[in-house]
Amino acid sequence: MSNPFWSPALAGLEPYVPGEQPRGRKLIKLNTNENPYPPSPRIREALADPALVQALRRYPDPESADLCAAIATQYGVESDQVFVGNGSDEVLAHSFYSFFRHDEPLLFPDITYSFYPVYCQLYGIDYRTPALRDDFSIAVEDYAGPAAGAILPNPNAPSGRCLSLDEIEKLLQLQPERVVAIDEAYIAFSGERGGDSAISLIDRYPNLLVIQTLSKSHALAGLRLGFALGQKHLIEGLNRTKNSFNSYPIDSVAQRLAVAAIGDGGHLAESCNRVVATRERVAAALAELDFEVVPSRANFLLASPGTMDAEALYLALRERDILVRHFNKPRLAGYLRISIGTDEEMDQLLAAVREIQTAQG
Ligand code: PMP
């Protein structure tokens, strides 16, 4: 649809379609990769702190200095190597604007986070999407040649497949003149805590930007807090864009709660380990039900339900008040993305799948 008052770019824009957030009904919600467990108990303590209420009288710290310092301490970098945003989506938006508007196309996988093409359309960025291999893995050698840079989630979404640090280094070396952004929204579920994070490479690669979020790993999707880490010159670039857009600072409540959550590494590890244990159990159970399950290092599984039609299964589950994700893309038409919920929720999902399979004979 177009409109004579709109800029031409809006006419062709395909807005991002987020997973449903239904209101009112009690559903088993396995469609938006939220963490099923509560955030750190330190959040509750911080919320009860009278200083939080006092802080609301004043405008928020536009630099989020305490929060940047807390993130820097946690990840072993300097405060001026940290950029914070209202969710990693905002950090990504500023990254696309700051680093990826060149004459050459930006590179990202053909199956990946569906917001990337939307940012490209909004900012008039041309892009090229190297195909994933048949097993959904990324072939890093396809990211060579003139480009505006590259962005890849690690683990990738919605496949859940991970690149090794060696492969990320290869990618950084293939694009030494451009920024390579690694979107680590799901890295905390990838094995040893932070084991595969590219943060350890930041000192050696001036073109590396690592983006993380508190939404999934810290169970704080409603807080809207994401951040980027990189060498100082990249963080300066992001600040230049942010200040030019006069984008909103992180509100005072979010700054304080994020400081509380970031320091609780023990809770983070415990919560993520629980999700990972459930993921492995459910992957095995689905395989027994004849699903083809893509090996995942994230808090979701991409799985194809054997002889059943994936969309029909999505609808049948929905009728039973279980929400999973089905994507309208040819390569993904035969698959469902199932977020990992509590053990009880996943048992209900498995029971429903068995019931639907039996009903279909
Ligand atoms: N990156 C990836 C790969 C994601 O899947 C998501 C969540 N949909 C985000 C970034 C954005 O997360 P948030 O804005 O909640 O930090």
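Taking an unreviewed UniProt entry as the reference, the chain is identified by name as Histidinol-phosphate aminotransferase belonging to Microbulbifer halophilus.

Caption draft 1: The arrangement of helix H12 (residues 343-360) in detail. Over its 18 residues, H12 runs 26 Å from end to end, which matches the ideal 26 Å to within 8%, given 1.5 Å per residue. Met 346, Leu 349 and Val 353 are the residues of H12 that are buried. Relative to the axis of H12, the buried residues are bounded by an arc of 55° and lie together on one face. Residues of H12 that are exposed and point more than 90 degrees away from the buried face comprise Glu 344, Ala 351, Arg 354, Glu 355, Thr 358 and Ala 359.

Caption draft 2: Spatial organisation of the domain arrangement of the chain. Here the chain is partitioned into domain 1 (8-38 + 266-360) and domain 2 (41-264). The interface of domain 1 with domain 2 comprises 32 residues on the first partner and 27 residues on the second. Those elements that place two or more of their residues in the side of domain 1 that touches domain 2 are helix H10 (265-288) and strand S10 (300-304). Top contributing element to the side of domain 1 that touches domain 2 by residue count: H10, with 8 residues.

Caption draft 3: Local environment of the site of the ligand. Contacts to the ligand come from Gly 87, Ser 88, Asp 89, Tyr 113, Pro 153, Ala 157, Asp 183, Ala 185, Thr 213, Ser 215, Ala 221 and Gly 226. Here the shell around the ligand takes 3 residues from helix H5 (residues 87-99), the largest share from any one element.

Caption draft 4: Local environment of H5. Counted at 1.5 Å a residue, the expected span for H5 with its 13 residues is 18 Å, and the 19 Å between its end C-alpha atoms agrees. Burial of H5 is extensive: 10 of the 13 residues sit out of reach of the surface. Within the span of H5, buried status applies to Ser 88, Val 91, Leu 92, Ala 93, His 94, Ser 95, Phe 96, Tyr 97, Ser 98 and Phe 99.

Caption draft 5: Examining the packing of H5 against helix H8 (residues 232-245) more closely. In contact at an axis separation of 9 Å, H5 and H8 are set at 105° when each is read in the N-to-C sense. Considering the angle they form, H5 stands roughly perpendicular to H8. Residues His 94, Ser 95, Tyr 97, Ser 98 and Phe 99 of H5 lie in contact with H8, whose contacting residues are Gly 237, Leu 238, Thr 241 and Lys 242. For the contact of H5 with H8, the class distribution of residues is 3 nonpolar, 5 polar and 1 charged.

Caption draft 6: Fine view of the UniProt feature "modified residue: N6-(pyridoxal phosphate)lysine" (unreviewed entry) in the chain. Here the UniProt-annotated "modified residue: N6-(pyridoxal phosphate)lysine" (unreviewed entry) positions come out as Lys 216. Discounting chain neighbours no more than four positions away, the residues touching Lys 216 are Asn 33, Glu 34, Asn 35, Ala 185, Tyr 186, Ala 221 and Asn 299.

Caption draft 7: Structural view of the sheet that holds strand S3 (residues 106-107). A sheet is described by the order of its strands in space; here 7 strands give the open sequence S2-S8-S7-S6-S5-S3-S4, paired in mixed fashion. Only two strands of the sheet have a single neighbouring strand rather than two, namely strand S2 (82-85) and strand S4 (127-128). Note: S3 against strand S5 (residues 149-153), 2 bridges, orientation parallel. Note on S5: the bridge partner recorded for Leu 107 is Ala 150. Contacting S2, S5, strand S6 (180-183), strand S7 (208-213) and strand S8 (226-230), H5 crosses the sheet at an angle of about 160° to S7.

Caption draft 8: Structural view of the pairing of S8. In terms of residue burial, S8 counts as a mostly covered element, since 5 of its 5 residues are buried. The side-chain alternation of S8 yields two buried faces, one formed by Gly 226, Ala 228 and Gly 230 and the other by Phe 227 and Leu 229. In the sheet, S7 pairs with S8 via 5 bridges, with the strands oriented antiparallel. Bridging across to S8, Thr 213 finds its partner in Gly 226.

Caption draft 9: Fine view of the nonpolar core. Val 82, Ala 150, Val 210, Ala 228, Ala 258, Leu 301 and Ala 303 are the most contacted members of the largest nonpolar core, which totals 102 residues. Summarising the domain contributions, this core has at least three residues from each of domain 1 (8-38 + 266-360) and domain 2 (41-264).

Caption draft 10: A look at the packing of H5 against helix H6 (residues 115-123). Two numbers describe how H5 lies on H6: the axes approach to 10 Å, and their chain directions differ by 45°. With respect to H6, the element H5 is oriented oblique. As for the relative orientation of H5 and H6, their crossing is right-handed in sense. For the pair formed by H5 and H6, the contact residues are Asp 89, Leu 92, Ala 93, Phe 96 and Tyr 97 on the first element and Phe 115, Tyr 119 and Tyr 123 on the second. Here the residues of the contact of H5 with H6 sort into 7 nonpolar, no polar and 1 charged.

Thresholds, definitions, all that
- Residues numbered from 1 in each chain as written.
- Predicted model: local features only at pLDDT ≥ 70, side-chain atom pairs only at ≥ 80, totals over all residues.
- Helix = DSSP H or I, 4+ residues; strand = E, 2+ residues; numbered from the N terminus.
- Expected span 1.5 Å × (residues − 1).
- Buried ≥ 20, exposed ≤ 12 C-beta atoms within 10 Å, placed from the backbone.
- Arc of directions from axis to C-beta.
- Domains from an automatic or database assignment.
- Contact = placed C-beta atoms within 7 Å.
- Near = placed C-beta within 6 Å.
- Axes fitted to C-alpha atoms, helices over the stretch in contact; angles between N-to-C directions.
- Parallel < 35°, antiparallel > 145°, perpendicular 65-115°, else oblique.
- Nonpolar A, V, L, I, M, F, W, Y, C, P; charged D, E, K, R; others polar.
- UniProt positions renumbered as here; feature names shortened; annotations may be inferred.
- Pairing = 2+ DSSP bridges.
- Core = buried A, V, L, I, M, F, W, Y, C linked by C-beta atoms within 7 Å.
- Left-handed = near helix turned anticlockwise from the far one by under 90°.

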